[in-house]
Every structure is written in C-alpha cells, then in structure tokens.
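Residue-level listing of the chains:
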Amino acid sequence: MTTAQTHGVGGAATHSDAGGLHRTIDWKGAFWIASGVPALVLISIGGMGATAGKLAFTVWIISVLMGFFQAFSYAEIAGLFQNKSGGAAVYGAAAWLRYSKLIAPLSVWCNWFAWSPVLSLGCAIAAGYILNALAPLPVFAPDSPQVAAWLADAANSAAIAGKSAEEAAIAAIAALTEANTPALRSFKLLSFSFFDLANIEVGATFFIGAILMLITFAIQHRGILGTARIQMWIGLLVLIPMTIVGIVPFFNGGVNAANFTPLVPPTGAWDNPGWTYFLGALFIAGWSTYAFETAVCYTREFKNPATDTIKSIFWAGLVSVLLYSLVASTFQGYLGLEGMTQPGIVDGTGVAAAMGDMVGGGNPIIVHLLEMMMILALILAIMMAMSGSSRTLYQGGVDGWLPKYLSHVNEHGAPTRAMWTDLVFNLGLLTFAASDATAYYLILAISNVGYMLFIFLNLQATWIHRIDSPNIPRPYRAPTALIAFNALLGFVNLVFMGAGAKVWGNANALWYGLIFAALIIPVFIYRHYIQDGGKFPDHMLQDLDLKGQDLGERRAGFLPYLTLILAAIVVVTSHYYFQLPPPAP
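Residues numbered from 1 in each chain as written. Predicted model: local features only at pLDDT ≥ 70, side-chain atom pairs only at ≥ 80, totals over all residues. Heavy atoms only, no water.

Chemist: What am I meant to see in the pattern of salt bridges here?
Modeler: Once their charged atoms are close, side chains differing in charge can pair, the charge on each being opposite to the other. Scanning the entire structure with this criterion turns up 5 salt bridges. With its nearest N and O atoms 3.9 Å apart, the salt bridge here joins Arg98 to Asp468. Here the residue Arg98 occupies a position in the loop between α4 (88–97) and α5 (103–115), and Asp468 occupies one in helix α19 (residues 437–468), the gap between them amounting to 370 residues. Of the two residues examined, Arg98 and Asp468, each falls in the buried class. The salt bridge involving Arg527 is made with Asp532; its shortest N-O contact spans 2.8 Å. Note on accessibility: Arg527 and Asp532 belong to one class, buried. Through salt bridges with shared partners, a single network forms among Glu76, Arg466 and Arg474. (Salt bridge = Lys/Arg side-chain N within 4 Å of Asp/Glu carboxyl O. Helix = DSSP H or I, 4+ residues; strand = E, 2+ residues; numbered from the N terminus. Buried < 20%, exposed > 50% of the residue type's maximum accessible area, 1.4 Å probe, protein only.)

Chemist: Teacher, can you tell me more about the packing of aromatic side chains here?
Modeler: Each aromatic ring pair is summarised here by two numbers: the centre-to-centre distance and the angle between the ring planes. In total, this model carries 31 aromatic pairs according to the counting rule given. An aromatic cluster is built from Phe68, Phe72, Phe314, Trp315 and Tyr476, whose rings are joined through pairwise contacts. (Phe/Tyr/Trp six-rings, centres within 6.5 Å; stacked < 30°, edge-to-face > 60°.)

Chemist: Honestly, the environment of Ile77 in this entry has me stumped. Any pointers?
Modeler: Among the structural elements, Ile77 can be located in helix α3 (residues 56–80). On the basis of relative accessibility, which here comes to 0%, the residue Ile77 falls in the buried class.

Chemist: Help me out: how do you make sense of the side chain of Gln332 in this one?
Modeler: Summarising the element assignment, Gln332 is placed in helix α14 (residues 305–340). For Gln332, a relative accessible area of 1% puts it in the buried group. Filtering out sequence-adjacent residues up to four positions away, Gln332 remains in contact with Gly53, Lys54, Ala56, Phe57, Asn259, Phe260 and Met340. (Contact = heavy atoms within 4.5 Å.)

Structure below.
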C-alpha cells in the first residue's frame, strides 16, 4: 500500500493512501462533525408532541439512552476495520457476508437512505427560516386598520354577505394576507400531485434549499479536515445556545410541572391505539437520537483509529444524551402540549421564536439570534449528513456493494462522486420536503424504516463477529452482557418500526420503506455480477485476515438465519397487532 505523508492540525504528521481518504483528523474532529446530531431534536420536536402527547419528553430520554447503549456495539466492530470508512453499516455488512450476499449490502444501503434525507429535510426547514427573513408573511388581526378598511369597502360586501362579524373578519384577514403576500413566497415553477401521496411544489423554498445544498457540497469538497474545522465553529455556535435553552427555563420559572402529567398517550389511555402512538413516537425519535453513531464513519480518516473511534462516539453520545434530555424537557415544560402542536413548531419554522420566548421573554434581538442559530444548526446537520452518507456510498463502491463510480476521491480526499449522488438524490427529495408537512413526515418515516433495519442488522453483527472472528484484535471490546442487551434492543427497534411507521401520515409507510430497501438487490446484482463478474475486491476483508474470495468459516451456524426469521415475525406481528384508532366519523 502506497502512503504519502501530509500534515494535519498543528503540524502533526499524518498519512494517506494514494488515491484514497486521508488520515487527517483525531477523535475531536469526528466529534465536531457529529455535533449536528443534537440539533436534529429541533427537526421533529413538534411532530413528537402531536404523536406522543405528554409522553414526548420520556420518549426522547428513553430513545437517546437506547442510542447510547447501542453505540458501544458500533465502537467494537468499528475497531475491527481501521482501513474502512462509511460507518457501522460497512463494518456490520462484513459479518453478514458469510451468510448471505444479499443481506450484507442491505445494511449499507439502508444506512445510506436513512441518513441521506437529512440533507433535504434540513434544507427545507432552513430555507423556511431564510424565506421568513427575506419575505415575511403579513400579519393582520381582527382589529387591524386594514381589516376595518376592507370590511368598509363596498366592493367586498358580496364576500361577507350573511356572515357574522367574526366570520367577516376572518374572510378579510384571509383576503388581505393573500393580496399582500410577497411574490417570492407565492412563486411556484411547478405544482402537481404525486400519486396522491403528496402535493409537490417547486418554488422559492426549493431553490433556497438547493443553494444551501450546493454551499455544503463546496465546503466538503475541500476534504474532511477542512469540514471538521468549519463544523467546530458552527458546532460551538449551536451547542452553546442549545445548552442555554435546555437549562435557563428551569431557573427562570418557565417550566410548568403540570405540562408533564398525566403520563398517558394522546388517546388518554394505555390501550392498543395508545401503545401504537407511543411506539410510533419511539420509532421516529430513533432517527434523531441514534444518529451520533455517525462518529465512527471516519475510522479510515482517524490518525489513530484504535483510540479515536471509541472516544469520538462516547463523547458525541454523552453530549446527545444531555442535550436531548434537557431540550425536550424544557420545550414541553414551557410550551405544554397545546404549544408543542402549533403549526410553526410542527413544521419547524416557529422553533426559534419559541426558544426566544423561553430564554429571552420574546426579546426581538434574542429571537433573531436564535433564528440564526437554528439556520446554523440545520446547516450543521446537513454537513454532517453529507459527510457520513457520502462515505457510506464511497466505501460501498470500494468494497463491491455499490457501483464502481462511487469509489472516486478528489485531490483533497473527498468522495466527490458519492457527494454528487447524494446531492442529486436530495434535490429530488427536496421537491417533496419543501411542499408540505405530510410529505416531510412521509420521507422521514420511509427513511427511518431503513434506519431501523440497519440498526438491527448491525447490533446482531457484533455478536456474529465475536463468533466468526474471535482472534482478530479489538482495540475496544464492549462487555459481553452489553452486546447481548444491544442485540435484544435490535428486536425492540423492529417493534417500533412494525407498530409505529403507520403513525406518520401514511398507513403504508412500512411497506414503502421495505420496497425502497429491496432496491439494493438490482443495484448489488449489477455491481457484483455484471461489473465484477461475481467476485469481491481482494482487499474487502483484509482487516479480518481473509484474502481473495475466502469469506471464512460460518462458525455461527444457523443462528444468523434464525435471527432473521425471528425479525420478520416481530415486524409482521407488531404491524398487525398494534393499530391506530378508527378515524372519527
């Protein structure tokens, strides 16, 4: 292997493979890249309140603690593969390869399509904030002079004929809002229905979001070291205000204890529909709270992967536990259930104003500063997602799971073709995410089906690696009891998925997610059998001391297959057993 010596931060000597990723960061660099994870709580905190009711804060705490426990399994298997990037999905795929060529790439594919939509979802919300600043919607009240003038205008008499005073005022406000809405907000290049799943609009939000994506691409084109430096400063500007928001309301009297009880689902009882809502909330929470596992995506770019891997995921996880628990609790304690389900909180565009009320009493300067923080938080999450998901695509191209073109890197060690693939895919998703909340949460639910499949496969991969590769050195070895507990959590996550995917706006979200997951089959067949002639690259499993096409002995026997059978039973049973309440007549 040819190496070239370069210099990282502070002049420390680093090494990089010719034509490959560069070893230029330590655990702190990965920590700052993963620092966008706590900001993800702001993306779905409103939807969580609408789904979990007063249980919302407990859902966030349970979920982030599960993610913290699971992280130790990822840290162990990441240590086995010090020459790979792409995260736990790539490391877990190697365990399943001995047992099925089709299950192994499923891990990589599901991880990618779970992470990649963070770009489009984050850009949609950030674009909403920018649009509000550039072209704010006009606001009229029933006692506004403009409303009185509109009502007094004889030209409008027909529109309010036979209406009560209150109804006439509502009609006046609607007419004035429409007439005075800035052209930038009402601009639409395209508008159509997508198979009755969502109403698609390509307008200002889409184009602003697309610009944000291109800016993110330009930053990451410089390589991982430059990305880590920029994210450190953005991370500080985001994590410090989030910490303030998570602490100050407990001391300024803003938290109302009555907003946390009674601990029952929105149905008011722990019946079957109530449990369905609760499990659905835990399902979507995992998309945010488990996400700090992205810290192990950069093992191949660590200067010292043996120690940097566990440090990065441990500290990223600890910060996530603290901030998710604090921010979720203060939001609920301050806003209450009614406040958390307001449209601006549910779609994300009113979160900054709510934080301004929590810590600054609605002071306009503080609100504007927090709006800037929200935009930076979303950019941080977008950069984190492009860094991680593009490296998953890159390693999939290198290892023979995904098309070869993805294995290219530029002179800075950035996987640019994988990044372009992410960009184009998310521009398509942005047309959905920028349209309405229904499409937004449908994308979230479908991508999270993939994430839960990836989580399950990789929590099982840890014990499979233990059995099949017992003698391979492990820089970090998790306690065996914790590995077993995490394997059980893999099945718990499948219950969340089977029962809860239907909660998020579409009864068929589970099946849509499984169909998208199955798309890896033709993709893998093309790469493996057409591009590679049925052979894997010789280097793919070198970290496990396997060479050529030798996949090693299947020491785990039938256990991995039994695990998959039980997994299918769990998903199907939980999907059909747990049901939403019938629609109101």
